[in-house]
Amino acid sequence: MDASEEPLPPVIYTMENKPIVTCAGDQNLFTSVYPTLSQQLPREPMEWRRSYGRAPKMIHLESNFVQFKEELLPKEGNKALLTFPFLHIYWTECCDTEVYKATVKDDLTKWQNVLKAHSSVDWLIVIVENDAKKKNKTNILPRTSIVDKIRNDFCNKQSDRCVVLSDPLKDSSRTQESWNAFLTKLRTLLLMSFTKNLGKFEDDMRTLREKRTEPGWSFCEYFMVQEELAFVFEMLQQFEDALVQYDELDALFSQYVVNFGAGDGANWLTFFCQPVKSWNGLVLRKPIDMEKRESIQRREATLLDLRSYLFSRQCTLLLFLQRPWEVAQRALELLHNCVQELKLLEVSVPPGALDCWVFLSCLEVLQRIEGCCDRAQIDSNIAHTVGLWSYATEKLKSLGYLCGLVSEKGPNSEDLNRTVDLLAGLGAERPETANTAQSPYKKLKEALSSVEAFEKHYLDLSHATIEMYTSIGRIRSAKFVGKDLAEFYMRKKAPQKAEIYLQGALKNYLAEGWALPITHTRKQLAECQKHLGQIENYLQTSSLLASDRHLTEEERRHFCREILDFASQPSDSPGHKIVLPMHSFAQLRDLHFDPSNAVVHVGGVLSIEITMYSQMPVPVHVEQIVVNVHFSIEKNSYRKTAEWLTKHKTANGIINFPPETAPFPVSQNSLPALELYEMFERSPSDNSLNTTGIICRNVHMLLRRQESSSSLEMPSGVVLEEGPHVLRCSLVTLEPGANKITFRTQAKEPGTYTLRQLCASVGSVWFVLPHIYPIVQYDVYSQEPQLHVEPLADSLLAGIPQKVKFTVTTGHYTVKNGDSLQLSNAEAMLILCPVESRAVVYSNTREQSSDAVLRIQSSDKVTSISLPAAPAYHVIEFELEVLSLPSAPALGGESDMLGTPEPHRKYKDKQKTGHCMVTTDHKVSIDCPWSIYSTVIALTFSVPFRTTHALLSSGTRKYVQVCVENLSDLDFQLSDSYLDTGDGTDLQPVPLNAQSQQHIHSKQSLFFVWELKWTEEPPPSLPCRFSVGFSPASEEQLSISLKPYTYEFQVENFFTLYNVKAEISPPSGMEYCRTGSLCSLEVLITRLSDLLEVDKDEALTESDEHFSTKLMYEVVDNSSNWAVCGKSCGVISMPVAAEATHRVHMEVMPLFAGYLPLPDVRLFKYLPHHSAHSSQLDADSWIENDSLSVDKHGDEQPDGSSLGSRGSVHSVCSGEHKGLPMPRLQALPAGQVFNSSSGTQVLVIPSQDDHVLEVSVT
């Protein structure tokens, strides 16, 4: 510390500035404690709490201690914070009362009066206690008395402003405690002063900023004020806060420039609109560029001066924050913004000056970053610096073009004068870079000195930039730099070096679909290929440019004439063809076949019309258009028929081709949709809206690199196919736009023809479409003659005339007059010959050619049909009527066959299974004139009726019922029904149907009933034949008479032998039966006839007086209305005599109330077992054992559970009778037993004590 009385030098703005603290009082005392104080003060951090809700920070305090002078105190209106004393300290070690009164007190009073005069309230009195002085003076007062006096005299209300420092130079715990207390107080007071004074400064600064709309407001003045605040933050090592101040100044100035461009300009901006006279670039090698700062303070700075100084301060702070890569990012933004701001402010800039300034600034930033980072860090962060390298390369290229260093003849005098002016604007090199060999100044000066030097520097920069872009995967940017390099090589007449860069750039543009860059690059590439003599590549590029609609019509015509001029020149090597892709010359839009199904027979003519869209700007005369066709034969010697081909071909015969996408392989439709979202940025202080915009969330998907292993340009070496099968059209003029071209061919060989390649020749230039896609084919067939017979209806009905369609496909055979079809007649099917039957001849495309009357000759065995004359590959169609004889199927077939007799009780179940008409196949052999072999066809007829019969009984009277069901969809008229029982018996059926004709609708049944009457004993089996006439009800009178429908069946054992009658009586004393009470069941079995032929079987036994037979009865209640008590079955010996009666009594119990039907009573014949032991067995033992074998002849089996519960029928395999012979039971036919009590019901009333009433309703 300098304690002399000399005036202080002016403030130097460097990073070593510290907050000022003045020291008054004993200067020697302060000098002794200064070393310890300067070391101990910044050692401990303090928490700094600031206003406006800003986050607290921990800071280390340092101070610049200077001797107190009144000149240091700020005067009114002085806003300088760097020279502002934040704290005033008075030092004393007085311990003598008299000395205090004589000198110290007056000095303290004077010191405080000066502070009060300048409104300074930040002060501190330090009393240093020294034990050595107390030992030397014996009359001193205790320390506390001096401290108390000072506190009473000067610190009445602020006693904490007086502190004691005990023996500061000793090393003891007491001294350390004293130091700690003193340092804490000092740091606290310093922070309080910082907070108060900085807050007041910020308020004043904010007030000044709010006056920016007033006339006379100066940005430069405000700049100095806010920078003063930034200096203080920097002095306190709060670099982030200091950077915020410069960022705010940057944003404020940028906003004013934008407003100026929009027409709302501030007056002070005119100071920055003065012409640019110096463009020496950024200065980043010293913390503060005082020269530019002073020019800003004097309001003499240009826009570049202000931006350069502002960025240099931001760069310094960012480097202190160890964020060098942000320096590179901000530098690139700054350089681009400065270029735009100069345009907005309409600042006059000499040509090339701005390029020099940008070039020097880029290199200055790069070298500044390299100076504070090692090589490994730089290599790993190329992505942050490569933009500066690229920008510097671009600006150096602009300077080279401007100064004539890239022209073929070198710079002229005007270029040299311009170069001298640009170098003069750089001024002298700065001292800090004068000794640097590769400084930006030296590089630029050397690059502009000669053509060779410029080429060296430009190539070095370009290759380095391309290498950096490639290393970080930014291929698009690398190709863009390469394209600039290609332009340089073209200027230098080195097209062989330029081609590789142009091809790379074009490939990248094609992959990403940039239309305008593609066009521009192709123009450059065409010029390069022309200089290199690459004729084929040049013609291909010219064809692409001639079809490019981004060029003007004149440019397109120029490239088209280039192709036509070359094609018109005589070739040095005759027969040499230059093959180019067709997509740039013309596009195939659609193709139309005639016939439309693209199927033609051998010898037929096929027409193919294609639409070609010429993309040339002028009419082009094409010598020939050729379609190469590939021929193939079906495998396995299979020849497609015309019918099959017609079904599998497109109906309209038009094939559309997708538009060519060769220039843009990546379709825009294949890219993902934009994901756009609103973006808002609000102020952290008052939450006000700062900026708003739109952000794309999936930009990485939209701009990602598209790579392909194959070349994106159509390869020029297209293979030109040659083969024996071609379609050709000569001398065609293709007008711009759509053109129709027609090819015609005559089919010669059957097979499939695939259109493979489309070629158009213009002189020696051939434009080729290598693959026609989608696949286009036409078929040529050679068909054998065929005969097809099919009914016109869904099914043919037997018994009535039905129409059948005959289709003769002639194929390769020509039908001549006299050719006929020979049909062999079937026995049960007739071929009818209508009078006006005609045959129609159709072409292969279903166009009617002719028709003729059909001549039919019929004999007993053969029907001959004369065919009309017809050429090959035509179709002959005619219709005939056929008639199949109706008949029901024979009896005894499967259960679902029509006409099968079924028991009446199963009729309902049969209805559930559904009914299908019975079918009959009739095979007809046809001899055709084109073949030595006969063709056998089968016609299936369906019988429209389903017939069943049933035997009905009423005592001894018998009835036969026949049911006719119409299963077809037609209505019929039935007439003359008749039942024939044969001539061998006197039995006569008497019809009960009164009507002779009856109408039967579709899916309707009609019943016919006859009563059987006889005088003699009827036979055991009665054959019956039912017949009925029928005709369709909806048709007119038929020309032929139809045969009746017949149905044959037999009636077995239909004579009634037994009458069974059951009767239930209530218990004695009761009028009605009650539930739960036993009732009496009496069963009467009565024989109705004497011995008949049907009785003579094994069960018949003969006694002295009469014959008898054994019967078994069984009482069963399947409806579970009755409970049979006791034995429910038994065996009786029944005399075979008329009116013989047997009574059976048993008890039953009703289970429900209501009118209940009687239980069923069944009769069986009891047949003995034929074995050696049968004579030894007593019949009563069999009855007693009740072990029976039941043979019920297909009747329903009894319920085993119910029978078993009542002890009626058991298995013979019981343990006690195992091995014994077992009798058999044979069910009596339904016609031999008549149950006279069938249908009778008994009234059952509920019991009186029933709580739940169950009523059975039947």
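Residues numbered from 1 in each chain as written. Predicted model: local features only at pLDDT ≥ 70, side-chain atom pairs only at ≥ 80, totals over all residues. Heavy atoms only, no water.

In the annotation of an unreviewed UniProt entry, the entry for the protein reads Trafficking protein particle complex subunit 10, and the organism field reads Aotus nancymaae. Quoted verbatim from the Subcellular location (unreviewed entry) field of the UniProt record, the comment on the protein reads "Golgi apparatus". (UniProt positions renumbered as here; feature names shortened; annotations may be inferred.)

Asker: How should I be thinking about the pairing of strand S26 (residues 838–842) in this particular structure?
Answerer: Two faces make up the sheet, and in a regular strand the side chains alternate between them. Of all the five residues making up S26, four are buried; the element is thus mostly covered by neighbouring parts of the structure. The pairing of S26 with strand S27 (residues 848–853) spans five bridges and is classified as antiparallel. Within the sheet, the bridge partner assigned to valine 840 lies in S27 and is aspartate 851. (Buried < 20%, exposed > 50% of the residue type's maximum accessible area, 1.4 Å probe, protein only. Helix = DSSP H or I, 4+ residues; strand = E, 2+ residues; numbered from the N terminus. Pairing = 2+ DSSP bridges.)

Asker: Explain the pattern of salt bridges here, please?
Answerer: A side chain of one charge can pair with a side chain of the opposite charge if their charged atoms are brought near each other. Scanning the entire structure with this criterion turns up 45 salt bridges. Close ionic contact of arginine 307 with aspartate 250 constitutes a salt bridge, the shortest N to O distance being 2.4 Å. Placement of arginine 307 in helix H9 (residues 303–320) and of aspartate 250 in helix H7 (residues 239–261) is noted, with a sequence separation of 57 residues between them. Sharing partners across several salt bridges, the network here consists of Glu240, Asp247, Arg323, Glu326 and Arg330. (Salt bridge = Lys/Arg side-chain N within 4 Å of Asp/Glu carboxyl O.)

Asker: Sorry, what's going on with the layout of surface pockets here?
Answerer: One simple way to see leftover space: roll a probe sized like a water molecule over the atoms. Here the second largest pocket is characterised by a volume of approximately 1,600 Å³. Looking at the second largest pocket, it is lined by 44 residues, and the ones nearest its centre are Arg209, Arg212, Tyr222, Glu248 and Leu252. Counting only elements with at least two residues in the lining of the second largest pocket, the list comes to helix H5 (173–210), helix H6 (219–235) and H7. Here the element with the most residues in the lining of the second largest pocket is H7; it accounts for eleven residues. (1 Å grid on protein atoms, 1.4 Å probe; cavity = no way out; pocket = protein on both sides within 12 Å on 5 of 7 lines; lining within 4 Å. Points joined across faces, edges and corners; volume = space filled by probe spheres on them.)

Asker: In this structure, what is going on with the sheet that holds strand S39 (residues 1021–1032)? I would like to understand it.
Answerer: Within a sheet, each strand pairs with its neighbour through backbone hydrogen bonds, oriented either parallel or antiparallel. Reading across the sheet, the four strands line up as S37-S35-S39-S40 and stay open at both edges, with antiparallel pairing between neighbours. Pairing within the sheet leaves two strands with one partner each, and these edge strands are strand S37 (997–1000) and strand S40 (1045–1052). Direction aside, neighbouring strands of the sheet carry axes that sit 30° apart on average. Summarising the sheet, strand S35 (residues 972–980) and S39 pair through seven bridges and their orientation is antiparallel. The residue bridging serine 975 from the neighbouring strand is glycine 1029, located in S39. (Axes fitted to C-alpha atoms, helices over the stretch in contact; angles between N-to-C directions.)

Asker: Quick question: what am I supposed to make of unusual backbone geometry here?
Answerer: Comment: phi is negative for the bulk of residues other than glycine, and the bulk of peptide bonds are trans. A cis amide bond links aspartate 594 with the next residue in sequence, proline 595, at an omega value of 10°. With respect to the secondary-structure elements, proline 595 resides in the loop between strand S9 (586–594) and strand S10 (599–601). With an omega of 5°, the peptide bond between tyrosine 773 and proline 774 qualifies as cis. Tracing the backbone through its elements, the reader meets proline 774 in the loop between strand S19 (765–769) and strand S20 (776–781). Residue leucine 731 is not a glycine yet carries a positive backbone phi of 50°. Relative to the assigned elements, leucine 731 resides in strand S16 (residues 726–734). Leucine 731 sits in the exposed class, given a relative accessible area of 75%. Here tyrosine 873, not a glycine, exhibits a phi torsion of approximately 55°, which is positive. Locating tyrosine 873 in the fold gives a position in the loop between strand S29 (862–866) and strand S30 (875–884). The class for tyrosine 873 is buried, based on a relative accessible area of 7%.

Asker: Before we go on, may I ask you to explain the nonpolar core in this structure?
Answerer: Across soluble globular proteins, you tend to see nonpolar side chains buried next to one another. The biggest cluster of nonpolar side chains holds 147 residues, and the ones touching the most others in it are Trp91 and Phe182. If we ignore the near neighbours within four places in the chain, the residues touching phenylalanine 182 are Leu37, Trp91, Leu124, Val126, Val163 and Leu165. Leu539, Leu606, Leu755 and Ala760 belong to the second largest nonpolar core, which has 52 residues in total. (Core = buried A, V, L, I, M, F, W, Y, C linked by side-chain atoms within 4.5 Å. Contact = heavy atoms within 4.5 Å.)

Asker: So what exactly am I meant to see when it comes to the sheet that holds strand S38 (residues 1005–1013) here?
Answerer: With antiparallel pairing, the four strands of this open sheet are ordered in space as S33-S34-S38-S36. Two strands close off the open sheet at either side, each with one partner strand: strand S33 (945–954) and strand S36 (988–991). Pairwise comparison of adjacent strand axes, ignoring direction, gives a mean angle of 30° for this sheet. For S33 and strand S34 (residues 957–966), the ladder comprises ten bridges, and the chain directions are antiparallel. Its bridge partner lying in S34, threonine 948 is registered against cysteine 963.

Asker: I tried to follow the packing of aromatic side chains on my own but got confused; where do I start?
Answerer: For any two aromatic rings, the description comes down to two numbers: the centre-to-centre distance and the angle of the planes. All chains considered together, the criterion is met by 45 aromatic pairs. Taking the centre distance of 4.8 Å and the plane angle of 75° together, the rings of tyrosine 256 and tryptophan 268 count as edge-to-face. Taken together, the residues tyrosine 256 in helix H7 and tryptophan 268 in the loop between H7 and helix H8 (290–297) connect sequence positions twelve residues apart. Of the two residues, tyrosine 256 and tryptophan 268, both sit in the buried class. Look at phenylalanine 806 and phenylalanine 878: their rings are 5.2 Å apart centre to centre, the planes differ by 5°, and that puts the pair in the stacked class. (Phe/Tyr/Trp six-rings, centres within 6.5 Å; stacked < 30°, edge-to-face > 60°.)

Asker: Mind showing me how you'd approach the pairing of strand S11 (residues 605–614) here?
Answerer: Counted residue by residue, S11 has seven buried out of ten residues, so it is predominantly covered. Sheet analysis places S11 next to strand S17 (residues 737–746), joined by ten bridges and oriented antiparallel. Bridge assignment links methionine 612 to a residue of S17, and that residue is asparagine 739.

Asker: In this structure, what is going on with helix H1 (residues 27–40)? I would like to understand it.
Answerer: Within an α-helix, residues lying three or four positions from one another point in the same direction, as the helix has 3.6 residues per turn. The end-to-end C-alpha distance of H1 is 19 Å, a good match for the 20 Å that 14 residues give at a rise of 1.5 Å each. The sharpest bend along H1 measures roughly 50° and falls at valine 33, with the proline proline 35 sitting one to four residues further on. Residues of H1 that are buried: Gln27, Leu29, Phe30, Val33, Leu37 and Gln40. In the core, the buried residues of H1 are packed alongside strand S1 (20–25), strand S4 (64–67), strand S5 (85–92), strand S6 (123–129) and H5. The distance from a side-chain oxygen at the start of H1 to the backbone nitrogen of asparagine 28 is 3.2 Å, and the residue carrying that oxygen is aspartate 26. (Expected span 1.5 Å × (residues − 1). Bend = angle between axes of the 7 residues up to and from the residue. Polar contact = N/O pair within 3.5 Å; in protein donor to acceptor, adjacent residues only side chain to side chain.)

Asker: What am I meant to see in a nonpolar patch on the surface here?
Answerer: Taken together, the side chains of Leu674, Leu676 and Ile694 make up a nonpolar region of the molecular surface, amounting to roughly 340 Å² of accessible area. Examined against the element boundaries, isoleucine 694 turns out to sit in strand S15 (residues 689–696). (Patch = residues over 30% accessible without salt bridge, like charges linked within 9 Å, V, L, I, M, F, W, Y side chains within 5 Å. Areas by Shrake-Rupley, 256 points an atom, 1.4 Å probe, with all protein chains shown as cover.)

Asker: I'm lost on helix H15 (residues 440–447) in this one. Help?
Answerer: Looking only at H15, the buried set comprises Pro440, Tyr441, Leu444 and Ala447. Projection of H15 onto a plane perpendicular to its axis shows the buried side chains occupying an angular sector of 140°, all on one side. Looking at the buried positions of H15, the neighbouring elements they touch are helix H11 (353–372), helix H13 (382–402), helix H14 (413–426) and helix H16 (451–471). (Arc of directions from axis to C-beta.)

Asker: Hey, could you run me through the side chain of glutamine 529 in this one?
Answerer: Looking at the element boundaries, glutamine 529 is found in helix H19 (residues 515–532). For glutamine 529, a relative accessible area of 2% translates into the label buried.

Asker: So what exactly am I meant to see when it comes to the packing of H11 against H15 here?
Answerer: Two measures define how a pair of helices packs: the angle their axes make with one another and the distance between the axes. It is at 9 Å that the axes of H11 and H15 come closest, and there the two elements cross at 140°. Taken together, the axis directions place H11 and H15 in an arrangement best described as oblique. Both H11 and H15 take part in a crossing whose hand is right-handed. Together, Cys356, Phe359, Leu360, Leu363, Glu364 and Gln367 of H11 and Pro440, Tyr441, Lys443 and Leu444 of H15 make up the contact between the two elements. (Parallel < 35°, antiparallel > 145°, perpendicular 65-115°, else oblique. Left-handed = near helix turned anticlockwise from the far one by under 90°.)

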